[in-house]
Amino acid sequence: MIYKIPTFIIALLASLMFVNAQNVDISGVVVDQDFGEPLPGVNLLIKGTTLGASTDFDGNFTIKDVPINSVLVVSYIGYRTVEITITNANPLNIVLVEDAQSLDEVVVIGYGSQKKRDVTGAVSIVDSKTIDDLKPVKVEQALQGTVSGVNVTTQSGAPGAGLDIRIRGIGTNGQSAPTVIIDGYVGDINVLNPNDIESITVLKDAQAAIYGTIGANGIILITTKTGKLGQKTKVSYNSWVGFQETSRKLPLLNATEYGVLLNETYASGGQAIPFPNVSNLGIGTDWQRNVFNNNVPIVNHDFNVSGGSEKITYAFSGSHVYQQGIIAPKKTDFRRNTARLALGAQLSEKIKFSTNVNYTYLNRDSVNDFGLGSVLFNGLNAPPTLSPFQSNGEFSLVPNTPGLGIEIINPLAQIFNTYNDFELRKLNGTVQMDYDMCNNFTLTSRIGFNTTNQEGKAFFPIVNYGGKVFDTQRSSVNQNKQNFNDYSLDIFGTYSNTFAEKHNVALTAGTTVYKEWGSGLFATGFDVPNNSWDFADIALAVGTSGEGVRDVGSFAFDNRRLSFFGRLQYDFKGKYLFSAMLRRDLSTRFGPGNQVGVFLSSTAGWVISDEPFFGEGKTVNFMKFRGSYGVLGNDQIGSDRYRGLLDGEAEYVLDGNLVNGVAIGALPNPDIKWEEAKKFNVGFDLNMLNNKIEITSDYFIDTRKDLLIEGIDVTGIVGTNGPGGANPVQNAGTVRNSGFEFAIGYKEYISEDFSFGINYNFTTLNNEVTDVRNEVGYIEGGSFGVGQQPPSRMEIGFPLGYFYGFKTDGIFQNPAEVAAHPSQLALGAAAQPGDLRYVDVNGDGVIDSNDRTYLGDPIPDITMGLNLNFNYKNIDFVMYTFASIGNDMVRNYERALSDVNRQTYWLDRWRGEGTSNSVPRLTTAATSNFVFSDFFVEDASYVRIQNVQVGYSLPQSAVENIGFTKVRVYVGANNLYTFTKYRGFDPGASTGAPIGGGIDFGFYPIPRTYLMGVNFNF
């Protein structure tokens, strides 16, 4: 009997067989992109199902019966999530890329850490990838443009020159730099190898209050790289070489232009012209071309070895940097060698040991590169009609005439006669023990230490510059040796627990003992044998500056702090976040009754995106509101300023003879106390579109009270004018900084072959002095020209360090305009047509010092950073830019003498009625055109392309055959170009002084560097 099977059953069976044929077993390995190492514990899940697996110790996984065309989601804390469509059963080789912006990222916050989503303070992070992209010589450079609220200014572009970091503006006219904490101890950011850094965390608000008296200027927490448990040995080597050139030259007059203007200058003053035939002058000497050098080398090498077993981790690194200067490359250079060892050991189930030790060697040679008499100053002012060398091969002498003064010399001769050397050796690190005493409680003991020895030597040979102030009649050598030490002992316990599955609590309490001490010895010897650097040593130079004079000096100091601190962190269901911090510091920098300071702060947050009413968050994935308020302190003043010391000099008559002795130095002030910083902050964090967009925004008010101000004027009855004497330190001011920060980042992974990201941030800043407690109501600072009043001030109602001088209103065009205007004779000369016309600010009919007024300030209104990156297959590209808007700068590198060279804008000078209303006439006669006015104040806003880099990584299959896990070659440019209208070398430079920092004496320009390099990982 034959049965017919219904057709629908046949169709159903066929479909089932088809579906079953589309299921496959998949397997593979998950590795890290940078080193190609397997990642254990990676989570793999088939999207929309519960089917999944985790990788084993070697990064391997297997998932059975996976439908074809399903999506495999691969996720791992600290790495970007990857989605892969399953098309066949071929083994998968999945590469994960680190994601430093993950909400689960652990953020170091001082004496502990938190997940990023739980942080309630204003915190910013710079990861190791950003540092690697920027290739900074010094760590500070990695913060410029990458962190909102942080501004880094250069003091000079010379090799090894210092940089100044300011977090949310300048709040004090004392020490304004943030405190740097390296792996838990107070350290020195200048001696670190940037490639040793895992992350940089910047605490900008009351979150820093856990550090009490050292937190007022903000805290920079640096975590260095270590090995990981269960990690196979990784070796990385990075090498790059660069070629430097000046990023800017000023447009100066050539010899013919100079001759024309100088003839006009002398004729206007009724004197015979110096160049009857200017047609023979030609181009003349380009002193900038002679001073600046091209293709100046900079070299970097560093390597890192890290790994770990089940109980031990290790990391060892070394680096070498050598940089020559674009000015006098043979006499200006910078070397830095570093070595670092980090070890960790799980001694038992309860005890963990770790240590991190760094050794740094620095060597720096330099020339006078800043201010009156510097190499650049002379290069800008020396006449182009003068040849660098005489016919006999010796250096030409700049004439000693009234028109050229007694300080302008041949810059090439100056370089040749400069000899100096500076060396620094530093050993620092930590030793730490963690003990899990019981469930949820850990006791930590940590010792951090620094010891530094540095030596300096400078030689001044006998030299004749032609009757200048730099002539030296006797050779001399200055030598110094200094030793600085400090240590900190931290003992603290941390308790964390969850109650009723809703209440999460973490308590931290402990104590810190800190001590710093040091000493130094300085000596000068005269009459160096053979007038030679080879014999420049105190042991050989037996002469003294005068009979019976000891050309020696010394110092010693000893400061200590004893601190107790506590912190409570609480959250309810991870939605409502709160923390409170208390710190008590005792500092020996203050006298009895003022040594103790108590600092309290609190922060709070609300993760609104976790609320039921917020919904699923298809567009907004995460939203958190934050707020904080706290009081922090500052004790960064000189030692023993509360008591008088016999460190001054005096002369006494004893038995009819005049003898040298000692006297009270700086006047003491027993009433000085802590400087306080009251910090208020509100902000929010927002993630959108599957976390592709991240937004952070903050509004802050930082009020600095009882400023510790050096050198406040006191009564003249006591007097402070003796050698070594100084006015006392006083609590004498208040400064308020407020502003708005905004940062947005967007990242998109188009495919496995292409991804890109863009990050933008900006900060607004309003700085205002609200109190100055001295007799006149203001404090002056800075200098301009020769013999003029200080051009910068700290005064109530104005920004700290604003420029104070005369306001101009064009140029007098004819005698009638001069006659109709108030007299300017009090400024040094009666006005003539072609002179600057100054504004009678107070309306009293006379132009004098009472008409000085606000002319601008060096503090930018807005700073911005825009950073781009993309990856296409094996090609990567990054570009970092920074902008500063609204900062002014004083042009003070032009000497007010008739015969000096000038910039080409003087070609547009006033030569008769209607010829110019902006640049005054030139003359040898007396004028008031060079008194400090807004003619010398310029808008120094700028946009700078800081870094551009393109790299290519060799295909994985190719590098594995030669034993590497990654090989990358790259080319790039640092400080590529600066867009600005400022006439000087560097619109972003500063002396670092809160009052007078924006006065440009001829800042050494930051060099432009073209580099090429290679990374090897194996």
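### Observations regarding the sheet that holds strand E41 (residues 802-805)
Part 1 of the reasoning: Spatially, the four strands line up as an open sheet ordered E39-E40-E41-E44, and their pairing is antiparallel. Lying at the two open borders of the sheet, with one neighbouring strand each, are strand E39 (778-781) and strand E44 (853-856). Sheet twist, expressed as the average angle between the axes of neighbouring strands with direction ignored, equals 45°.
Part 2 of the reasoning: Bridging between E39 and strand E40 (residues 792-795) involves four bridges; their strand directions are antiparallel. Bridge pairing links Tyr 778 to Glu 795 in E40.

### Some remarks on a nonpolar patch on the surface
Part 1 of the reasoning: Nonpolar side chains collect at one region of the surface, where Phe 243, Phe 870, Tyr 872, Ile 875, Val 950, Tyr 952, Leu 954, Val 969, Val 971 and Met 1012 lie side by side and expose about 810 Å² of accessible area between them.
Part 2 of the reasoning: Elements that contribute at least two residues to the nonpolar patch include exactly strand E45 (862-872), strand E49 (942-953) and strand E50 (966-980).
Part 3 of the reasoning: Structurally, the position occupied by Val 950 is in strand E49.
Part 4 of the reasoning: Since its relative accessible area comes to 36%, Val 950 is described here as partly exposed.

### Quick word on the environment of Ile 86
Part 1 of the reasoning: Of note, Ile 86 is situated in the loop between strand E6 (82-85) and strand E7 (92-96).
Part 2 of the reasoning: For Ile 86, a relative accessible area of 2% puts it in the buried group.
Part 3 of the reasoning: Taking the C-alpha atoms as reference points, Ile 86 and Glu 676, separated by 590 residues in sequence, lie 61 Å from one another.
Part 4 of the reasoning: Residues within four places of Ile 86 in sequence aside, it is in contact with Val 24, Ile 26, Val 66, Pro 67, Ile 68, Asn 69, Ser 70, Leu 72 and Leu 92.

### Topic: the side chain of Gln 454
Part 1 of the reasoning: Note on placement: Gln 454 falls in strand E23 (residues 441-460).
Part 2 of the reasoning: In contact with Gln 454, not counting residues within four places along its chain, are Phe 422, Glu 423, Leu 424, Asn 480, Lys 481, Gln 482 and Phe 484.

### Let's talk about the pairing of strand E1 (residues 23-32)
Part 1 of the reasoning: Pairing analysis gives six bridges linking E1 to strand E4 (residues 60-67), with the strands arranged antiparallel. Note on E4: the bridge partner recorded for Ser 27 is Thr 62.
Part 2 of the reasoning: In this structure, E1 lies alongside E7, joined through five bridges in parallel fashion. Each residue of the ladder has a partner; that of Val 31, found in E7, is Val 95.

### Things to note about the sheet that holds strand E48 (residues 937-939)
Part 1 of the reasoning: One open sheet holds the three strands; their spatial order is E48-E47-E51, and the pairing between them is mixed. Taken across any chain shown, the strands that pair with only one partner, and hence form the sheet edges, are E48 and strand E51 (999-1000).
Part 2 of the reasoning: Inspection of the sheet shows strand E47 (residues 888-891) paired to E48 by three bridges, in the antiparallel sense. Note that in E48 the partner of Met 889 across the bridge is Glu 938.

### Observations regarding the confidence of the model for the protein
Part 1 of the reasoning: When the pLDDT values of the protein are averaged, the result is 90; 95% of them are 70 or greater.
Part 2 of the reasoning: Confidence drops under a pLDDT of 50 for residues 12-21, and excluding neighbours within four residues, the segment shows zero contacts in the predicted structure.

### Some words on the pairing of strand E27 (residues 576-587)
Working note: regular strand, side chains alternate between the two faces of the sheet.
Part 1 of the reasoning: The two faces of E27 differ: Leu 577, Ser 579, Met 581, Arg 583, Asp 585 and Ser 587 on one face are buried, but Tyr 576, Phe 578, Ala 580, Leu 582, Arg 584 and Leu 586 on the other face are not.
Part 2 of the reasoning: Taking the residues between adjacent antiparallel strands as the criterion, strand E26 (residues 552-572) and E27 are bridged by three residues, where Lys 573 takes a positive phi near 60°.
Part 3 of the reasoning: Direction of pairing for E27 relative to strand E28 (residues 596-607): antiparallel, over a ladder of eleven bridges. Following the sheet pairing, Leu 586 is matched in E28 by Val 596.

Conventions used here
Residues numbered from 1 in each chain as written. Predicted model: local features only at pLDDT ≥ 70, side-chain atom pairs only at ≥ 80, totals over all residues. Heavy atoms only, no water. Pairing = 2+ DSSP bridges. Helix = DSSP H or I, 4+ residues; strand = E, 2+ residues; numbered from the N terminus. Axes fitted to C-alpha atoms, helices over the stretch in contact; angles between N-to-C directions. Patch = residues over 30% accessible without salt bridge, like charges linked within 9 Å, V, L, I, M, F, W, Y side chains within 5 Å. Areas by Shrake-Rupley, 256 points an atom, 1.4 Å probe, with all protein chains shown as cover. Salt bridge = Lys/Arg side-chain N within 4 Å of Asp/Glu carboxyl O. Buried < 20%, exposed > 50% of the residue type's maximum accessible area, 1.4 Å probe, protein only. Contact = heavy atoms within 4.5 Å. pLDDT = per-residue confidence, 0-100.

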